[in-house]
Amino acid sequence: KPGYVRGTATERKEFLQHLKSLHRQGMEAVATNLETEHPITMTRALSIAQGTLSHWHQRLEIGVVQKTLKLYERGMKAGAKDVGLDLDLDDNDYRELARLARREDGILPAISRFAKTERQFLDRTISAAYAEGPPNGKLLSYITGQIRKRGEEAEARLELMVNTETAKMTNFGKLAAW
C-alpha cells in the first residue's frame, strides 16, 4: 500500500523506547549531579543542568540518526520490492538522509526544539525554586523531585515526534527507491 511500510511498528516502538530511555537518563543525570553539591547557588545549579543537558542532547542526536537510518532503509527496501528491484543504501542515500534529517521539519531540528524546551523547563524550575523557595523548605529535594516528575509530559512529546518521523523517513526511503 502506498504510504505504509510493513514492519515499522517494531522499529517505531524501539525508536520511542530508545528516546524515552535517553530522556530519563538525561533528567536523572541532571538530578543526580545537582544532589552531589551542597550548598549550591542558583548560578551553579543552572550551570550543572545546562552542562548535563548539553551532553544529553548530543547523545540524543546520535541515537536519532541511527534509528532514522534504519527507517529510511526499511522504506527504501519496501519501495524497491514494489518495483521488483533489490537495492542497498549508497552514498547518495546517506547524503539524502542527512539532508532530510537537517531540514527545518526534519528530526534533528525537532530534537533541538525538544532539548530547548527541556532546558527552559529546568531554567524555570530552578529559578522559581530559588526565587520563591520550595513548599517544604528543602530546595534541592524539591528541584530534583520536579525534574524526575517531568518524564510523562516529555515522553508524550517524544511519542508524537517518533510517530511523525517513522512515517516520514520510511516514506522518503520508499520514494527514493521508486
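The structure this text deals with has already been given above.
Notes on the structure follow.

Cut-offs applied
- Counting restarts for each chain, with residues numbered from 1 along the sequence as it is written.
- Per-residue local features of the predicted model are confined to residues with pLDDT of at least 70, and side-chain atom pairs are confined, for both listing and counting, to 80 or more; whole-chain, interface and lining totals are unaffected and use all residues.
- Side-chain calculation: all heavy atoms of the structure are included, whereas hydrogens and water are not.
- A run of H or I in DSSP becomes a helix once it reaches four residues, and a run of E becomes a strand once it reaches two; helices and strands are each numbered from the N terminus.
- Note on method: radius of gyration uses C-alpha positions; expected globular size equals 2.2 Å times residues raised to 0.38.
- Pairs of residues are marked as contacts when any of their non-hydrogen atoms sit within 4.5 Å.
- The salt bridge criterion pairs a side-chain nitrogen of Lys or Arg with a carboxyl oxygen of Asp or Glu, the two atoms within 4 Å.
- Burial here depends on accessible area, computed with a 1.4 Å probe over protein chains only, as a share of the maximum for the residue type. Under 20% is buried, over 50% is exposed, and the range in between is partly exposed.
- Patch membership needs two things, relative accessible area over 30% and no salt bridge, and members are linked within 9 Å if like-charged or within 5 Å if nonpolar (Val, Leu, Ile, Met, Phe, Trp, Tyr).
- For the accessible areas, the method is Shrake-Rupley and the probe is 1.4 Å, while residue cover comes only from the protein chains on display.
- What counts as an axis is a line fitted to C-alpha atoms, over the stretch in contact for a helix, and the angles between N-to-C directions run from 0 to 180 degrees.
- For classification, angles of less than 35 degrees are called roughly parallel, those exceeding 145 degrees roughly antiparallel, those between 65 and 115 degrees roughly perpendicular, and all remaining angles oblique.
- Each residue gets one of three labels, nonpolar for Ala, Val, Leu, Ile, Met, Phe, Trp, Tyr, Cys and Pro, charged for Asp, Glu, Lys and Arg, and polar for the others, Gly among them.

Some thoughts on the overall build of the chain
Right, on to step 1. Across its full length, the chain carries six helices and zero strands.
Right, on to step 2. Traced from its N-terminal end to its C-terminal end, the chain shows the element sequence α-α-α-α-α-α.
Right, on to step 3. In summary, the chain has a C-alpha radius of gyration of 20 Å against a globular reference of 16 Å for 178 residues, an excess of more than 25%.
Right, on to step 4. Each of the three principal axes of the chain carries a C-alpha extent, and together these read 70 × 25 × 25 Å.
Right, on to step 5. Long-range pairs, those at least 24 residues apart, make up 80% of the contacts in the chain between residues at least 6 apart in sequence.

Considerations on the pattern of salt bridges
Right, on to step 1. All told, the structure shown has ten salt bridges when counted by the stated rule.
Right, on to step 2. Between Arg-148 and Glu-35 there is a salt bridge; the shortest N-O distance is 3.0 Å. Of the two residues, Arg-148 is situated in helix α5 (residues 139-149) and Glu-35 in helix α1 (residues 8-35); the sequence distance between them amounts to 113 residues.
Right, on to step 3. Arg-150 is the salt-bridge partner of Glu-153, the closest N and O atoms lying 3.4 Å from each other.
Right, on to step 4. You can call Glu-153 partly exposed: its relative accessible area is 48%.

Observations regarding a nonpolar patch on the surface
Right, on to step 1. Taken together, the side chains of Val-83, Leu-85, Leu-175 and Trp-178 present a nonpolar region at the surface, about 410 Å² in accessible area.
Right, on to step 2. Judged by its relative accessible area of 48%, Trp-178 is partly exposed.

Some words on the environment of Leu-97
Right, on to step 1. For Leu-97, the location among the structural elements is in helix α3 (residues 91-102).
Right, on to step 2. Taking relative accessible area as the criterion, Leu-97 reaches 6% and is therefore assigned buried.
Right, on to step 3. Sequence separation of Leu-97 and Glu-73 is 24 residues, and the distance between their C-alpha atoms is 9.7 Å.
Right, on to step 4. With near-sequence residues (within four places) excluded, Leu-97 lies in contact with Thr-68, Leu-69, Tyr-72 and Met-169.

A few points about the packing of α1 against helix α2 (residues 42-82)
Right, on to step 1. Running from amino to carboxyl end, α1 crosses α2 at an angle of 170 degrees, the nearest separation of the two axes being 9 Å. The angle between the axes of α1 and α2 places the two elements in the roughly antiparallel class.
Right, on to step 2. Its residues placed into classes, the contact of α1 with α2 shows 14 nonpolar, nine polar and six charged.

Geometric values such as these leave the question of function open.
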